[in-house]
Amino acid sequence: MLANQHVLEGNRLVNDLTSSNLKSSETGIESQRIIARYMLDLGAEASIHKFHRQLNHFHPLHFFSSPDSGIIEENYSCSSYGINTVGIIRAPRGDGKEAIVLVTPYNALKSGLGEALSIGIAYSVFSLLSQVTWLAKDIIWLVADSRYGEYAAVSAWLRDYQTPKFSSLSTLDAEMCPDIDNLYDLKVNSITGSKFSSSFKRAGTMAAALVLKVRNKSDQFEDTISIYAEASNGQMPNLDLINVVNYLAVHRQGLHVKVEKLWSLLNSSWLKILGEIFESLGKVAKSLNPKWKFGITATEYVEGTATLASSLYYQALGLPTGPHGAFRDYQIDAITLEILPKFSSDKVRHSDILLRGGRLIEGVIRSVNNLLEKFHQSFFLYLLTSPSKFVSVGVYMIAFALLIAPLPIVAASLYVDASSLGNCSKSDKSTPSASLDTDEHSITIGSWMWLNSAKLVFLVHLWGAIVSLIPYVICQIPDCTPTTSFMIWVLLSMLSFLTLYSVLASPLSCAKASQEKEWALVKSVTISSVFIGLGLMSVINFATAEIGALLMVPMCLLARPLKLDVRAGTLRSFSRMIGNLVLGLIAFPPAAFFLLKGMLDGFGSVNVGAFWIWVESLWAWNSATYLFIGMVHLPCWVLCIHILLHTC
Amino acid sequence: MATFINFKALVQLLLLPCLLLCSSIAYNSSSVKATMHTNNWAVLVCTSRFWFNYRHMANTLSLYRTVKRLGIPDERIILMLADDMACNTRNKYPAQVFNNENHRLNLYGDNVEVDYRGYEVTVENFLRVLTGRHETAVPRSKRLLSDEGSHILLYMTGHGGDEFLKFQDSEELQSHDLADAVKQMKEKHRFKELLIMVDTCQAATLFNQLQSPGVLAIGSSMKGENSYSHHLDSDVGVSVVDRFTYYTLAFFERLNIYDNASLSSLFSSYNPSTLMSTAYYRRDLYQRRLEEVPVTNFFGSVMETIHTDAAYKALSRKISDRSESQISLDQSIHREERRMLININVCDEIHDVSTEGQEDDSKCPWSAFYRKMQKIENVDSLVNYGLVAMLPFLVFSTWLFH
């Protein structure tokens, strides 16, 4: 059990770091040195890891490929180095095949008290673990240099950990940069028995990883732990990891645990009303049979919905919500824990945070340590509704399936209608004396009419693929602001659309004969392709597919040429027209993005460049959401607009 | 020539009753032993591996300690432990195993002889131990050298289900296998009475196929029920003992080797609410009344004492006396033989009174001879023997009156 002596040691490190921060703040090498010395004093193996900052470049061939160290370019200077400090405790009686990773992001250049505290917590746990007898897995403590972002440091270290290098590149690097040589002095000074090395140190396969952060400035009324779990493409760590953290935090350390919520939903009145309806329904059910316990209070319902919406939103974005995302790329379960201490300014609180946070980390590490295998007993596919509640894949897939179930049915009925109507109109026009073979000919033409629509749909999807590839060209242009990049992208997309339309789609105009029902066939094929696209996406990233379906399914089902509605002139067709126009506006991907962003963050911060920045981040994490938008959502939107503007 | 033949026949005639007597005595004494409880054995098996199954090893070691305390010597305990929790890297107390969170008692202290450990604990080895079909190289310490006078305690714990018990996370012992092994043991006179105690989920189903007489079975739970652990030791980090075993141990902690607590009092000590399952015992194969059987008959090495005045000499007769009533229960022994045995006994006493200090082998040859004569039904041979017997008489009388 973490005792006061460990907390004292942690406090000592915190003080040293904060004071050294004042001394030399140019390179931050001093704080790395202090941390490495502390690690060595515990008898742990310490080493440093240098990494380059990697820039985001969209490259179509590297999309979905695992990050690999071979693509590092050579023109980095010493100034763009980041230095991770890594400490490893070998399990005294263990077999060294597995390891648990503890990560504390630390920016030596401008570190606040929060980062120093997180290092203090990690160090107090580390000092405890260097003494315990029960370790079966090695413990790796990574102090990630977050000067180029927390994620970059962790992913660089993981990349080097997972892909062994057999060249002597690292020694060359060290010679080039005199700064880092200073760290090697430690080797001479260090106490006997401890090992400092400049080479990359490894332990076994990682069983789980914890990223620890402390936010210093918070306005919480009680000590709170915030859990971030979403990794790229909406992947989640095994639910058991969250359960362990939640259980230990709530029941052992008395901490308040929370996950992200959409705060705007908490105050919405319609949700409250819905919640009250459910509450009363639950009461009625309970009065009918006391064993039925699906009653849920209105406040619980509202909070659960807000959390669920946020969970869905962050999974749909496909971006990791913290450095833990880098671990998920290697199938390692990881979460970020952010400790938000109770608002207070006295020094005693620091020790309390160190003690409680340290005990929580100790408990989680011991739980993982006691496991024989990686987490596999619980869910990987789920949406959180509270730190201790979730919606599993078996439940949420039902909602999605019901949402997209109408698509194939409508597509089939449209196709049948269109082909039969086409035939009818043909046979009406033709005189009875018309020969049999022309009739047959028209039937064959009628039955193959959908090919034209299919060609159109295919071409639009091809265009979508081209639009997805354009950013590769734009990236080559130097010194582009996000706004201009976005503008160039839009212009190039439109240009390519017009070219494609004029070159390839012109034969469409030849088939004038069946124009009146052509839109129905186009709609039918569009709906089919959307169904396929949504079905595929639901497997890759459910949340994206769900949100996409919420936008696209009504748009696809409602789409009808505006001219027809105008001609009909009834109230029904008029409202349908309005609906079509609104949906056509909302479902345009950038518009949907701005709307969501505005709803979440307020419309003040929205500018055109934001979309480009978001798309850039999608490439960085190889998010399938990007492909979904480019290859499914955008073509669908264009086709629906095509149907709306159809000349009947 | 003729005299020689006659002499041979005479010798045969004289030896016959002695031989018959000897064989009958030998047979009777062996049947007497089969019905006597002469020794105690215990086979204690922990079938599951892995750190989170710490409690199964603790269960088994607790039982080991108990039976040892109650008097079964180490060489008569076969201890099988499928994993070594004491040396597991996750163990905060290396080389120690506890069954309670107070850590007062280290079960893995001195003098723990584990006979089968680690991957040696397999279904095959388990069945080999029970049936005694070992390879020649297996040392005596790893064999169950029980005989027809043995009371055997078979304790098993691990993860089980409907009619099976998992071994090593890879194999299963099915109820048929167990029943078959027990049947073989019975055939081979490897036990007199067998108590099977199983602490696993749905333990009762494991006894479904048993049909050998003299077997008593206790399981921790009925079909469809789970057997739960008793408590978690937050210091060690895992559950340290199962409920059924915990309450069994609680029962035995109150006892010492001299106590007379009966099996029925053990069985009635299980409370379904504290056990969170229903303890089940199968007694239809067991003849004795449970109220009259002390638990130390199985869990200790306590047998009924026989008081003797002198060593060896009187012992056999006393045993014979006592065995009469037991024999009457035993259906396998022939009625006639039994009657003869009684006669011998009666004769024994008479002889004892009249002539003391004689050899046991020839205590009453004439009565036995008479009996044998009665049994001989072949009249022709009787007549022949009679004629032959007349011959020396004739020779003698001729010589006398010559």
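Residues numbered from 1 in each chain as written. Chains lettered and ligands numbered in written order. Predicted model: local features only at pLDDT ≥ 70, side-chain atom pairs only at ≥ 80, totals over all residues. Heavy atoms only, no water.

## As for the overall build of chain B
- Counting secondary structure elements, chain B contains 12 helices and 12 strands.
- Restricting the contact set of chain B to residue pairs at least 6 apart, pairs at least 24 apart contribute 73%.
- Accessible surface, chain B: about 21,100 Å² in total, of which carbon and sulfur atoms supply 55%. (Helix = DSSP H or I, 4+ residues; strand = E, 2+ residues; numbered from the N terminus. Contact = heavy atoms within 4.5 Å. Areas by Shrake-Rupley, 256 points an atom, 1.4 Å probe, with all protein chains shown as cover.)

## Here's the deal with the UniProt feature "transmembrane region" (unreviewed entry) in chain B
- Residues annotated by UniProt as "transmembrane region" (unreviewed entry) correspond here to residues 382–401 of chain B.
- Taken end to end, residues 382–401 of chain B comprises 100% helix and 0% strand; its first and last C-alpha atoms sit 28 Å apart. (UniProt positions renumbered as here; feature names shortened; annotations may be inferred.)

## Details of the domain arrangement of chain A
Residue and element names in this part refer to chain A.
- Structurally, chain A comprises domain 1 (4–18 + 27–54 + 77–165 + 175–260 + 321–376), domain 2 (261–317) and domain 3 (394–423 + 439–504 + 512–645).
- Facing the seven residues of domain 1 at the interface are six residues of domain 2.
- Approximately 630 Å² of surface area, both sides summed, lies buried where domain 1 meets domain 2, with 55% of it carried by carbon and sulfur atoms.
- Area buried by domain 1 at its contact with domain 2 is led by Glu230, Gly234 and Glu260, which between them contribute 66% of it. (Domains from an automatic or database assignment. Buried area = accessible area lost by both parts, 1.4 Å probe.)

## Notes on a nonpolar patch on the surface
- On the surface, A:Trp270, A:Ile273, A:Leu274, A:Ile277, A:Phe278 and A:Leu281 cluster together into a nonpolar patch covering about 580 Å² of accessible area.
- Following the sequence through the fold, A:Leu274 ends up in helix α10 (residues 269–288). (Patch = residues over 30% accessible without salt bridge, like charges linked within 9 Å, V, L, I, M, F, W, Y side chains within 5 Å. Salt bridge = Lys/Arg side-chain N within 4 Å of Asp/Glu carboxyl O.)

## A closer look at the nonpolar core
All names here are of chain A.
- One finds Leu129, Trp141, Ile227, Ile335, Leu337 and Ile361 to be the most contacted residues of the largest nonpolar core, which totals 73 residues.
- Looking at which element gives the most residues to this core, the answer is helix α3 (residues 113–129), with 10 residues.
- When near neighbours in sequence (up to four residues on either side) are disregarded, Leu337 contacts Leu210, Val211, Leu212, Lys213, Ile225, Ser226, Ile227, Val245, Leu360 and Ile361.
- Core analysis: the next-biggest nonpolar cluster, separate from the first, contains 67 residues, Val530, Leu534, Val615 and Val638 among them. (Core = buried A, V, L, I, M, F, W, Y, C linked by side-chain atoms within 4.5 Å. Buried < 20%, exposed > 50% of the residue type's maximum accessible area, 1.4 Å probe, protein only.)

## Quick look at the UniProt feature "transmembrane region" (unreviewed entry) in chain A
Residue and element names in this part refer to chain A.
- According to UniProt, the positions carrying the feature "transmembrane region" (unreviewed entry) are residues 393–416, 456–474, 486–508, 520–541, 578–596 and 624–645.
- When the span residues 456–474 is considered, its composition is 100% helix and 0% strand, and the gap between its end C-alpha atoms is 27 Å.
- Between the end C-alpha atoms of residues 578–596 the distance is 21 Å, and the span holds 89% helix and 0% strand.

## Here we look at the interface of chain B and chain A
- Chain B puts 15 residues into the contact, and the matching count from chain A is 12 residues.
- Between chain B and chain A, the buried area comes to about 1,100 Å², and carbon and sulfur atoms account for 47% of it.
- When the area that chain B buries against chain A is broken down by residue, the three leading residues are B:Thr89, B:Arg90 and B:Lys92, summing to 57%.
- On inspection of chain B and its partner chain A, the count reaches nine residue pairs in polar contact (both at pLDDT 80 or more).
- Each residue belonging to the side of chain B that touches chain A can be placed in one class, and the counts come to seven nonpolar, five polar and three charged. (Polar contact = N/O pair within 3.5 Å; in protein donor to acceptor, adjacent residues only side chain to side chain. Nonpolar A, V, L, I, M, F, W, Y, C, P; charged D, E, K, R; others polar.)

## Focus: the pattern of salt bridges
- Taken as a whole and judged by the stated rule, the model has 29 salt bridges over all chains.
- Across the pair B:Lys92 and B:Asp235 runs a salt bridge, and its minimum N-O distance is 2.7 Å. A residue pair is termed long-range when its members are at least 10 positions apart, and B:Lys92 in the loop between β2 (77–81) and β3 (116–117) and B:Asp235 in the loop between β10 (229–233) and β11 (238–242) qualify at 143 residues.
- On the basis of relative accessible area, B:Lys92 is assigned to the partly exposed category, the value being 24%.
- Owing to a relative accessible area of 26%, B:Asp235 belongs among the partly exposed residues under this scheme.
- Residue B:Glu292 is joined to B:Arg289 by a salt bridge in which the shortest nitrogen-to-oxygen separation is 3.4 Å.
- Bridged by salt links that share partners, the residues A:Glu45, A:Arg90, A:Asp138 and A:Lys201 form one connected network.

## A look at the sheet that holds strand β6 (residues 205–214) of chain A
Residues and elements named next belong to chain A.
- With mixed pairing, nine strands are arranged side by side in an open sheet as β5-β1-β2-β4-β3-β6-β9-β7-β8. The outermost strands of the open sheet, each flanked by one partner alone, are β5 (196–197) and β8 (256–259).
- Bridge count between strand β1 (residues 45–52) and β5: two bridges; the pairing is parallel. Pairing of Ser47 across the sheet is with Ser197, part of β5.
- Helix-sheet contacts for helix α8 (residues 239–252) involve β6, β7 (224–228), β8 and β9 (333–340), and the interaxial angle to β9 is about 30°. (Pairing = 2+ DSSP bridges. Axes fitted to C-alpha atoms, helices over the stretch in contact; angles between N-to-C directions.)

## A short note on the sheet that holds strand β6 (residues 164–167) of chain B
Residue and element names in this part refer to chain B.
- Pairing is antiparallel across the open sheet formed by three strands, whose spatial order is β5-β6-β7. Strand pairing shows two members of the sheet lacking a second neighbour, β5 (160–161) and β7 (171–174), which therefore form its edges.
- Pairing of β5 with β6, which is carried by two bridges, proceeds in the antiparallel orientation. Residue pairing for β6: Gly160 is matched across the bridge by Leu165.
- Across the face of the sheet, helix α3 (residues 123–131) comes into contact with β6 and β7 while running at roughly 35° to β7.

## Observations concerning the packing of aromatic side chains
- All told, the structure shown has 34 aromatic pairs over all chains when counted by the stated rule.
- Measuring from centroid to centroid gives 5.2 Å for A:Phe126 and A:Trp141, while their planes differ by 55°, and the two rings are tilted. Of this pair, A:Phe126 sits in helix α3 while A:Trp141 sits in strand β4 (residues 138–145), placing them 15 residues apart in sequence. An identical accessibility class is assigned to A:Phe126 and A:Trp141; each is buried.
- Judged by centre distance (6.3 Å) and plane angle (70°), the rings of A:Tyr161 and A:Phe200 are edge-to-face. Separated by 39 residues along the polypeptide, A:Tyr161 in helix α4 (residues 150–162) and A:Phe200 in the loop between β5 and β6 bring together distant segments of the chain.
- Take A:Tyr161: its relative accessible area is 7%, and that puts it in the buried class.
- Sitting over the ring of A:Trp134, A:Arg366 keeps its end group 4.7 Å from the ring centre.
- The ring of B:Tyr116 is capped by B:Lys142, whose NZ or CZ atom sits 4.9 Å from the centre of that ring. (Phe/Tyr/Trp six-rings, centres within 6.5 Å; stacked < 30°, edge-to-face > 60°. Lys NZ or Arg CZ within 6 Å of the ring centre and 35° of its normal.)

## Quick look at the environment of A:Pro323
Residue and element names in this part refer to chain A.
- Following the sequence through the fold, Pro323 ends up in the loop between α11 (298–317) and α12 (325–328).
- In this structure Pro323 comes out as buried when scored by relative accessible area, which is 1%.
- Residues Pro323 and Asn607, 284 residues apart in the sequence, show an inter-C-alpha distance of 27 Å.
- The residues touching Pro323, leaving out its near neighbours within four places in the chain, are Pro105, Glu150, Tyr151, Val154, Val211, Lys213 and Thr336.

## Structural notes on the pairing of β7(A)
Residue and element names in this part refer to chain A.
- Extensive coverage of β7 is indicated by the burial of five of its five residues.
- Side chains Thr224, Ser226 and Tyr228 project from β7 onto one buried face, and the interleaved Ile225 and Ile227 project onto a second face that is buried too.
- Bridge count for β7 against β8 is four bridges, and the pairing is parallel. By the bridge assignment, Ile227 is partnered in β8 with Val259.
- Summarising the sheet, β7 and β9 pair through five bridges and their orientation is antiparallel. From the neighbouring strand, Thr224 faces β9, where its bridge partner is Leu340.

## Concerning the side chain of B:Asp115
Residue and element names in this part refer to chain B.
- Summarising the element assignment, Asp115 is placed in the loop between β2 and β3.
- No salt bridge is formed by the buried Asp115. Its closest oppositely charged neighbour is Lys142, at 7.6 Å.
- At 2.9 Å, the side chain of Asp115 forms a polar contact with the backbone nitrogen of Leu79.
- Contact partners of Asp115, with chain neighbours within four places excluded, come to Ile77, Ile78, Leu79, Glu120, Ser141 and Lys142. (Lys, Arg positive; Asp, Glu negative; His and termini not counted.)

## Remarks on α10(A)
All names here are of chain A.
- Over its 20 residues, α10 runs 29 Å from end to end, which matches the ideal 28 Å to within 8%, given 1.5 Å per residue.
- Among the residues of α10, Leu271, Gly275, Gly282 and Ala285 are the ones counted as buried. Taken end-on, α10 shows its buried residues confined to a sector of 80°, consistent with a single buried face. Exposed residues lying more than 90 degrees from the buried face of α10 are Trp270, Lys283, Ser287 and Leu288.
- The inward-facing, buried residues of α10 contact α9 (263–266) and α11. (Expected span 1.5 Å × (residues − 1). Arc of directions from axis to C-beta.)

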